[in-house]
Each structure stands twice: as structure tokens, then as C-alpha cells.
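Chain by chain, the residues run as shown.
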Amino acid sequence: MQNKGLIKLFALLFGLVSIYQLSYTFIGNKFESDAETYAINSVPESEEDYVSKRQELETQYLDSIGDQTVFGFTNYNEAKKKELNKGLDLKGGINVTLQISVKDILKGLANGSKNPVFNKALADADAASKNSDDTYVELFFEAWDKIKGDSKLASPDIFANKSLSDEINFQMGDEEVKPIIRRKIDESVVSAFEVLRERIDGFGVTQPNIQREGNSGRILVELPGARDIARAQDLLSSTAELEFWETYQPDNQELQAFFFQANEKLKSMVDTTATEQKPVKQESELDSLLSDVSQDSLDIATGQNPLFDKFQLGQTGSYAVGLSAVQDTAAVGALLRKKEIRRLLPANLQFVKFLWERPSEGSEVAALFALKSNREGTPRMGGDVVSDARDEFLNGSPIVTMAMNTRGAKEWEKLTGDSFNNQTGIAIVLDNKVYTAPGARGAISGGRTEITGTFTVNETKDIANVLRAGKLPASADIIQSEVVGPSLGQEAIDSGFMSFAIAMIFVLLWMIFYYGKAGIFADIALLFNILLIFGVLTSLGAVLTLPGIAGIVLTIGMSVDANVLIFERIKEELAKGKGKSQAVADGFSNALSSILDANITTGLTAIILFVFGSGPIKGFATTLLVGIVTSLFTAIFITRLLVDWYIGGKSRRLDFSTAITKNLFKNVNINFLGKRKIAYVFSLIMLAIAVFSLVTNGLQEGVDFVGGRSYQVRFEKIVNPSEIASELNEVFGSGTNVKTFGDANQIKITTPYKVDVEGIEVDNEIQSKLFDALQKYLPDGTSLQDFKVGGSGKSIGILQAVKVGPTIADDIKNNAFLAIIGSLAVVFLYILLRFRKWQFSLGAVVAVFHDVVIVLGIFSLFGTVMPFNMEIDQAFIAAILTVIGYSLNDTVVVFDRIREIVAEKGWRDGENTNLALNSTLSRTLNTSLTTLVVLLAIFVFGGESLRGFMFAMIVGIIVGTYSSLFIATPVMYDTLKTATRIGVVKKTKSADTIKA
């Protein structure tokens, strides 16, 4: 092997970088473990609401030590940003898909038009959206074109109104108006996205994820670790409110006197006798900036100045009244909201509203503004008056331009005039965060305004988005959600890593048992592979999920395949009498083609899975793709380096087998093609049974595909699902399904009740009804809050809640169908290009189709019998696609050997095809057995939520191994022309030099 030095250097650097990336995860976990221990020791379970108190203490502890340097290169805050992200199913929390109402946006653009044609088109678009994948705006345009008659979108009572007068006029045709409306809708969705992002940043969840899903108007939000589920749901679905307020002057003497009085009052309220040891935060530059005596929020009780320890009056060049460290804003706000403190305000300031600014990215401080309010708490102006906002440049500096409607222009002239006369600022507020607070140079008439300042380009974009959001308010409906309680997340971690450890131990021992010393080298490469996988996932910022762990464990089983292929080829070269160095070189060279083909076909299915999947399924696909790349590197290069190093020593012997396995499969000569008719008959019978069951019994479709809500509920004692189903059908009506889910004290409840109705109120209503119906099965004293998902730290009640609306369920089903069809088409084309004969592609696709139908048939036959969940959902589709990839992997290895032997010796009426099948039998059974044991480890120890997923893959691996030998190859052979099968290809190259 050439360039060994370069490969060694690359492997060393790759390994060191992976260790460096993973070090952040270990550091973060160590600090969080210390915080959890501290909180448990401080708050006993006997205290009321102990879970939330512990969580608050954990947060305070982590805040207090967040900047402390660890190992001289990082701290907790930095480690938290760079650690390996854990998904919802491992950490608990909430995952929702929000649908921004494009209908609301269209109504807003049309100023609530009463035009009957416009409203009829909206109604028709509503109906069409239930059975179409097209975006709502396109469905609206289609409906409009069908019924418009003489009406125009540019009518004054539709879009040619005052608000859009700058862009749409009466003379414009519909085709001119449509792109403007599309752009306006996209701007509104972007605005909603920014609003949600700001809300999530303020929610306090580490490693949140928010992303748009194309142009569908959907926004995916993941909040791993969120425990206050009700607050999170309300935060995500409430409509944004843009407001304009006048500020007080920062040097207002009465305000400054109030802050000093508040500090003195807080001193008298402090418990100065508190002596409990608290973690102390090291002083930083920020601390000295804020105060001479800076303390963390945990140290209020012992501070000399409870308010001014965290808050500094005044800020040069701003209308803010003071500033604080970002991490202390919540604590300062809580102090200022205390009733005893509010009473200190003079009569003319009693309605003052204190709001924090939205700090710039990377900023450590945030400014506090005092806003002029009234008894009702209403702002001077609402955001609905803004007709447009743009981020532009003036003399090379980024600015924001804003336009208002007629009503807004009059109000704005009055507000800017007051601001100029009073020398105060105008705070632009969204979701109780001040985005900017500029001053006015005089009364501004006409409603057109330039907002200037020391803005960055990104800040002006954000402010413009916020201003547009005020003009186009749109509801955000939760059309899909998954809520996982923290106790279930911890169980998933424990079970996932147990299955991981068991699978690893088996594979390591098996390789040593089968290949001896060579197996040890394969094991070292495998362990290095695992390090690289986790290192790459951390570097990419990928999210590790339970299916992701399954993907890694599966990668372990499949990565063995590359080493098995290499070792088997080396054994063949040694059997020909070659020297050990030449045998190793030729073995690696000859195995390379099969390894690449097998991994590329598996990788193609993983890519399709990544494109069409969502949430945890993307996590599975990501780990599979990363695992394929790292497995290729470690098998081809790391194993080679270790083998070359060992055989380079004098008198060292490496046999690539043990005394027990030396002659296994050596003289096997099975006539596979001779038995193909028996295999055809057997497979046709199996396919007939499967199709019959699918037609008569069908499949148990999960909520992913049909819509509805499902709840995983655990009790202290064993319960009867039939009895509970009967009771719940009386509450929710027919259609509610209840079945045991794992242990006998755990059930899964699925109901279509009010599946078409959106809103948190319905979710709360269903959970309340479940609690009332199931209360007699719960321990005495269990409250509704304890029962709700994430409601307490105990592992009873609702552990997981999933909701899928009917619209998104149809989309998921369609994507699943496209994923399967797409994977078959892509693989057909790849094999056609690789083997240059359509017969190879046909054999592979027929075998895959055979495998998929039989797996579906088994799920149909035994779906109601098996003691675990066998619903057809996104995870099942992931399993099917993985089966397709694995089956093709196996088939391609067989085809590659057939191609090689036939190129040398010809077809000879099937003789050499049988020779190829027998020569790969050792590899086929070795890899299949290893992978099966790995999957069985996950099936037994990996947790209930993975059992159906793993069962599908176990069945698929067994059927796939069978089909690659008895279906794919015979179909390929039988479709070849008779002359080709019987004829002999002239030998042109020796076996030693044949290249694939």
C-alpha cells in the first residue's frame, strides 16, 4: 500500500479531532451530573413542586459555573454549544411541526376582503388542501382562476388596496399580481420564523432546533430537554404582537430614585441568615463592567446590593435605563415585578413597563428600557399599521425603511412628535423584547420612516422581518407534535446504550473467534470506527436519537462485512500458494470492488431516507451515512496498516482463521441454480400468503399515516387494555384503540377524537378526559399535573404523547411511498450502470420487491398477535428502506463475484455461477449472522419503541440473505439469453490480475 505515512498522519489527526470534539460532551455531562446531584441534595421529594424547584436549582448552578475554565481550553457554556446533541427521545422534551396559516396571510393582504369570489376561492382552497401536496397559495390561485369570471386580483376590494398600493395597481393582470403575493407570503413566513426563533432563544432550552420545511409554510421546532410543556406549546402557537412604545428618559430622576429605593427594600427582604454553601462563580471582565461587587443569581441572599449586584444604571448613547448580564435578566426582571417593589413607584410612574432588549448575537449584556404605559397596559401603536418594511443601505450603512397605512401615518406623526419634544425614544417591541429604540428628529408625516443606527446587515434584516410580522399576523397551528417525558428519555438512553454495548462485545469476540489475530486487528479498526462516527456526528452538529443509536449499531454489524470480504479474499489468495505480502495486497485489491458496490447501494437508500424522512428517521439516516464512510476508511486503510505492520515482522504468522474455523465452507459445493425451481415455488407461496393477508387483513397504520393522537401511559400495577378500551370508547367515541405496550403495566392509547381540531385547548381537554377515565388505576394522590406528559419526574402517567394532523399524515404517507419507489429506481439504475446488463438490475429489484412484500405480509399476518407494537409508521418505512439497502448489499457482493469469475471462465451453463455463489457463502453467512445478533441485541435490550422497527429489520435480513442466493441470481441467470449462458468467454486475463 502506497503513502502509508500520509494515511497514518491522517488517521492520527482524524482520531485526535474526534477525541477533541467528544471531550466537550464529557465535560458538559460532568457539570450537569454535578448540578443534578446538587439539586437533589438541596430539594427533597417531600417538597411541593420539587421537580420544577430542582430544575431551577440546576439551571442556577450551571449559570454560576458556566464561565469557569476547565482543562485550560473551555468552560461549561462553550462545551454545551459543542457537545453531541441528544434528540427528543433520549432527552425528553417537545417536537412540533407548525403550519403558518397562509389563509390568514391572504386575508391580511386583502385587508379582510368581503369579496364573494375571493372568499369562495379561499373556501375551495381549504377543501383542496386536504387531498393535495401543493402549497395553499397555489391551490388558492387555481381555485381563483376557475371561478373568477370578470373579477381581478388587482381589484380595489382585494389586493389593490391602500396597504399594497405601492406594488399593486388596478391596471395589473392576475399573472402580474401572483408573484407579488407569493413574495409577500414568503416574507410573512420568514417573519414568523424569526419570531419563533426569538421566542425559543428566550425559552431557555439548550440546543433547540428550528427550521423551515421548503415553501410549505411549515416550521419544524425541536426543544429537547423542555419540561414545562404547556408553556412551550403556548409559546409556539400564540400569535406574535408587534408594538410601538414611547420610552422614559434614561436620566429620569424619579426612575433613578425608584431603583435605589428598590435596592434598599430588597436588602430588608433578604434572608441574611442563609449559610448554605453555594457554588461561586469566578469574576470575569463582564462582572467588573456591571458592578464592583458582582454576584451570580444564586448569591442574592448573601449579596450587599440585591439589585445593583446584577444591574447597572444608565447606558451611554441609548434610551435604556440600565443594563445587566444576559444570564441575569430573568432574575432582575423578577425582582422588579415583586409587588413590594412596584409599590415604591411614584403615582405618575405606577404603570411603567420594564422590558429587556433583544441582545445582539454574542453580546453578554442586555439593556433595560422603561416604557410609558397606562392602566390597560396598551402600547401607543400596534403593529397592524405597518404596510411594509425593508432592509436597505444609506451612504453605505445598513438601515431599515418602514411604511404605514393611512391610520398608522397619523398615529406615527403624533408619536414621533411627542418623542422629539420629550427627548425620548420609540421602542419597537415584539413578544416583549425591544428590538430597537431610536429617537425621532421631529414629527414624521406620511408614515414613511428611516430607522438608522449602528446596525449590522443581519440586524436590519431581522428588524425588517419583525416589522413585517406586525403587518401580517398569522396563526401557527400545531399539526404534528411529539412530547416525551424526561423519565422515558432516560430509559431510552439506558436501553439504547445497553444494546450498543452488548452488540459491540459480541462482534468483537466473534471476529477474534473466527479470524484469530486478524480479528483483533479488525476489532481495533472497528473501535476506531466508532470513535470517528461519534466525532463526526458531533462536528456536524447532528442530533443523536434512539433510531440513530440503532443506525450506529447496525453500522457495526455492516462494517464487519468489509473486513470479512477482505479476509476471505486474502484466504483465497493464500490457498493459491502466494506469499503473505502478495496475498494481503491482492486480497485487499480484489475485495475493493465488492466493498464499494455494496456500500454505495446502501448509501443510496440512506440518502433517500434522509431526503424523505423527518425527525428521528433523519437521525437514523445520518448515522448510517456517516458510518458507511468511516467504515470504508477504517476497513480499507486502518486494518491494512495493522496487517501490514504485523506481517512485516520476521517469523510472524497470520492465518486469518482459527483451528475451529480454518476449513469451514472450504469444500462447499451447493447447486443453487439446480434448486431454483423449488425456491421459486416456495417464494411464490410466501408471496401469495403475504398478498392475501395484505388484501384481507391490511396493515395496522400508526398515527403517522392516518392522523390522530397516541399516548404511552404507564401505571404502577398491571392493567387490562380491553377494559380500558371499553371505558375510553365511551369517553371519546368509537375508534379508540388500547393495547399493551411493552410491560403489562404500560399501554398505548390511540384515538382519532377531534383529530381535525387544532389548538392546545384540545390537547389539554383530551389529557384531562384521559386522567378522569384512568384515575382509578393511578396511585392515590396523583394529580392531573402529575399525570400529564412531563408533569413530574415520576415514571407513571403519560410518558409520551404524539399528535399528527390528517393533512401532514397524508404527506408522510406519500413521502414514504416515494422513498420506497425512489430507492428501487435509483438502485436499478446504479446496478445497470455498474454491471452493464439489465438482467442484473432486474434480478436485484425482483429480490428486493420479494423481500419488501414478505416483510409487509408478516406484519399483516401477525400484527395483532405479537406482544409488541407492529404499526406501520415512519420508523417502519426506515426499516424497509434499510432492508432494501442490506438486501442489495448482499446481492451486489454475489453479483460482483459472478462478474469476476465469468469474465475469467465464462458462464458454462451455470457452473461458474454456482462457483461464485459458493465462494461468497462464507462471507454471506458470516455477515448475516453478525448483523442478526446485533439486531437481536437491540430488539431485546433496546426499548419498546424500537421493537417493531428491529423486528422488521430482522425479518428483512433473513429474507434478504435467502433472496440474494435463491431469487436475485436465478432471475438474473434465467433472463440471460441461452447462447450467453451456454457459451464460453475466451480467457483474456489471469485471475491474479482481473480488476472489477
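Being a predicted model, the structure only gives us computed values, none of them experimental.

Reading the values: rules and limits
- Numbering of residues begins from 1 in every chain and follows the order in which that chain's sequence is written.
- At least 70 in pLDDT is required for a residue's local features to be given in this predicted model, at least 80 for side-chain atom pairs to be given and counted, and no such filter applies to totals for whole chains, interfaces and linings, which use all residues.
- By convention in this description, side-chain values take in all heavy atoms of the structure and omit both hydrogens and water.
- We count a salt bridge whenever a side-chain nitrogen from Lys or Arg sits within 4 Å of a carboxyl oxygen from Asp or Glu.
- We count a stretch as a helix when DSSP gives it H or I for four or more residues in a row; a strand needs E for two or more, and each element gets its number in order from the N terminus.
- Only protein chains enter the accessibility calculation, which uses a 1.4 Å probe; a residue is then buried when its area is under 20% of its type maximum, exposed when over 50%, and partly exposed in between.
- Patches here are clusters of residues that have more than 30% relative accessible area and form no salt bridge, with a 9 Å joining cutoff for like charges and a 5 Å cutoff for nonpolar side chains (Val, Leu, Ile, Met, Phe, Trp, Tyr).
- Every accessible area reported is derived by Shrake-Rupley at a probe size of 1.4 Å, with residue values counting cover from the shown protein chains alone.
- Where helices are involved, their axes are fitted lines through C-alpha atoms of the stretch in contact, as for all axes, and angles between N-to-C directions lie from 0 to 180°.
- Throughout this description, any angle smaller than 35 degrees is read as roughly parallel, any larger than 145 degrees as roughly antiparallel, any in the 65 to 115 degree range as roughly perpendicular, and the remainder as oblique.
- By definition, any crossing whose near helix is turned counterclockwise from its far helix by less than a right angle is left-handed, and any crossing with a clockwise turn is right-handed.
- For this classification, Asp, Glu, Lys and Arg are treated as charged, while Ala, Val, Leu, Ile, Met, Phe, Trp, Tyr, Cys and Pro are nonpolar and the rest, including Gly, are polar.
- Here a Phe, Tyr or Trp ring, Trp counted by its six-membered ring, pairs with any other such ring whose centre lies within 6.5 Å, and the pair is stacked when the planes are under 30 degrees apart, edge-to-face when over 60, and tilted otherwise.
- Ring-over charges, as used throughout, are those where CZ of Arg or NZ of Lys falls within 6 Å of the ring centre and within 35 degrees of the ring normal.

Peer 1: Quick question: what am I supposed to make of the pattern of salt bridges here?
Peer 2: Oppositely charged side chains can pair when the atoms bearing their charge come close. Within the structure shown, the criterion is met by 33 salt bridges. Among the ionic pairs, lysine 30 bridges to aspartate 34, the shortest N-O distance being 2.8 Å. Remark: aspartate 34 and lysine 30 occur in helix H1 (residues 4-42); sequence separation between them is 4 residues, near one turn of the helix. On the basis of relative accessibility, which here comes to 28%, the residue aspartate 34 falls in the partly exposed class. For aspartate 418, the salt bridge identified is with lysine 414, shortest N-O distance 2.8 Å. Here lysine 414 and aspartate 418 lie together in helix H14 (residues 406-422), a separation of 4 residues that amounts to about one turn. Via salt bridges that share partners, Asp145, Lys148, Asp174, Glu175 and Lys178 belong to a single interconnected network.

Peer 1: I'm lost on a nonpolar patch on the surface in this one. Help?
Peer 2: Where nonpolar side chains cluster on the molecular surface, the patch consists of Ile607, Phe610, Val611, Phe612, Phe817, Leu818 and Ile821 and spans about 630 Å² of accessible area. Sorting elements by how many residues they give to the nonpolar patch places helix H19 (residues 580-612) first, with 4 residues. As for its placement among the helices and strands, phenylalanine 612 is situated in helix H19. Among the residues examined, phenylalanine 612 registers a relative accessible area of 30% and is labelled partly exposed.

Peer 1: Can you help me understand the packing of helix H28 (residues 874-905) against helix H31 (residues 947-975) in this one?
Peer 2: The description of two packed helices rests on the angle between their axes and on the distance between the axes. At a closest axis distance of 8 Å, the pairing of H28 and H31 adopts a crossing angle of 30°. Taken together, the axis directions place H28 and H31 in an arrangement best described as roughly parallel. The two elements H28 and H31 meet at a crossing, and its hand is right-handed. Here the residues of the contact of H28 with H31 sort into 15 nonpolar, 9 polar and 1 charged.

Peer 1: For this particular structure, what's the right way to read the packing of aromatic side chains?
Peer 2: The tally for this structure, following the rule as stated, stands at 34 aromatic pairs. When the ring of phenylalanine 31 is compared with that of tyrosine 76, the centres are 5.7 Å apart and the planes differ by 80°; the resulting orientation is edge-to-face. Of the two residues, phenylalanine 31 sits in helix H1 while tyrosine 76 sits in helix H3 (residues 76-82), which places them 45 residues apart along the sequence. Exposure class is identical for phenylalanine 31 and tyrosine 76. Each is buried. With 5.1 Å between their ring centres and 65° between their planes, phenylalanine 260 and phenylalanine 308 make a pair best called edge-to-face. A residue pair is termed long-range when its members are at least 10 positions apart, and phenylalanine 260 in helix H10 (residues 253-269) and phenylalanine 308 in the loop between helix H11 (285-290) and strand E6 (311-313) qualify at 48 residues. Each residue in the set Phe506, Trp510, Phe513, Tyr514, Tyr515, Phe567 and Phe656 is aromatic and connected to the rest through ring pairs, giving one cluster. Stacked on the ring of phenylalanine 588, the Lys or Arg arginine 640 has its end atom at 5.0 Å from the ring centre.

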